[in-house]
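Residues per chain, in single letters:
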Amino acid sequence: MTALRFTEPGFLRSVRLFLGIAGAITLIAGIVLLVWPAKSAVIVTGIFASYLIIGGLVYLGLAVFSGRGGGWVRTGHVVLGLLYIATGIIAFANLGAATVTLAIVVAIFIGVSWIADGVVALSLMGHDASRVWTLLYALLGIIAGIAVLFSPLYAATVLWLILGISLVALGVVQLVRAFTLKQVESAQTPDVVV
């Protein structure tokens, strides 16, 4: 039997480096969202529009080069490809309007999801041991969903700012973890016998 070290300094150094880089990127992303919320939302919309165009090209490629599927499958791929490409081009043509539209659609989706989650919680209330908490959860979900649906653009703005604040907090915590992990590396670690 050989004795292996439970932790290796090289491994911990790699983990510390990863945590530091990830924390810095997260912190920078959060700061960008908070300092330039509109511009960062436009960038996200541009990334999404790029995804649509690339996805459309993939569907067209599947229609042309795929040996599988009949005429209807190829036709469906062509239609989806053209639809994705057209949507991406339209989004790029007016990124500002596309950003607002995307924000409203996402907020409406979140609002409907919260309402549906609340209704599902209400339907399961008879099977739950804690009816008071289930009822509270369901009512909060339904009320929050309705509030989002009444003002989806305002809700999207608030959610974007909360995302920025969360990224800043997570980035700071990740950086602290990266710097404090060094103390663990210098500590004695027990040998594990394999």
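Scroll up to find the structure this text is about.
Residues numbered from 1 in each chain as written. Predicted model: local features only at pLDDT ≥ 70, side-chain atom pairs only at ≥ 80, totals over all residues. Heavy atoms only, no water.

Peer 1: What should I look at first to understand the overall build of the protein in this one?
Peer 2: Along its length, the protein carries 6 helices and 2 strands. Of the regular secondary structure in the protein, the N- to C-terminal order runs β-α-α-α-α-α-α-β. Of all 194 residues assigned to the protein, the portion counted as buried reaches 23%. When the accessible surface of the protein is split by element, carbon and sulfur atoms take 78% of a total near 13100 Å². (Helix = DSSP H or I, 4+ residues; strand = E, 2+ residues; numbered from the N terminus. Buried < 20%, exposed > 50% of the residue type's maximum accessible area, 1.4 Å probe, protein only. Areas by Shrake-Rupley, 256 points an atom, 1.4 Å probe, with all protein chains shown as cover.)

Peer 1: So what exactly am I meant to see when it comes to the environment of G164 here?
Peer 2: Relative to the elements of secondary structure, G164 occurs in helix 6 (residues 152–186). Put simply, G164 and I31 are 133 residues apart on the chain and 6.6 Å apart in space, counted from C-alpha to C-alpha. Apart from the residues within four sequence positions on either side, G164 is in contact with G30, L33 and L34. (Contact = heavy atoms within 4.5 Å.)

Peer 1: Hey, could you run me through helix 2 (residues 37–65) in this one?
Peer 2: Helical periodicity: at 3.6 residues per turn, an α-helix aligns residues three or four positions apart in one direction. In this model helix 2 runs 42 Å from its N-terminal to its C-terminal C-alpha over 29 residues, within 8% of the 42 Å that 1.5 Å per residue would give. Regarding helix 2, the residues found buried are S40, A41, T45, G46, A49, L52, G55, G56 and A63. (Expected span 1.5 Å × (residues − 1).)

Peer 1: Explanation requested: the packing of helix 2 against helix 3 (residues 71–93) in the structure shown.
Peer 2: Axes are the key here: two packed helices are described by the angle between their axes and the distance separating the axes. Interhelical geometry of helix 2 versus helix 3 gives an angle of 155 degrees and a closest axis separation of 7 Å. For the element pair helix 2 / helix 3, the angle class is roughly antiparallel. With respect to the hand of their crossing, helix 2 and helix 3 are arranged in left-handed fashion. Here the residues of the contact of helix 2 with helix 3 are counted per class, giving 17 nonpolar, 8 polar and 1 charged. (Axes fitted to C-alpha atoms, helices over the stretch in contact; angles between N-to-C directions. Parallel < 35°, antiparallel > 145°, perpendicular 65-115°, else oblique. Left-handed = near helix turned anticlockwise from the far one by under 90°. Nonpolar A, V, L, I, M, F, W, Y, C, P; charged D, E, K, R; others polar.)

Peer 1: Would you take a moment to explain the side chain of T99 for this structure?
Peer 2: Position of T99 relative to the elements: it lies in helix 4 (residues 95–123). You can call T99 buried: its relative accessible area is 11%. A polar side-chain atom of T99 sits 3.0 Å from a polar atom in the side chain of T45. Setting aside chain neighbours within four positions, we find T99 in contact with A41, V42 and T45. (Polar contact = N/O pair within 3.5 Å; in protein donor to acceptor, adjacent residues only side chain to side chain.)

Peer 1: What am I meant to see in helix 3 here?
Peer 2: Here helix 3 spans 33 Å end to end across 23 residues, near enough to the 33 Å set by a 1.5 Å rise per residue. Among the residues of helix 3, H77, G81, I85, G88 and A91 are the ones counted as buried. The secondary structure elements touched by the buried residues of helix 3 are helix 2 and helix 4.

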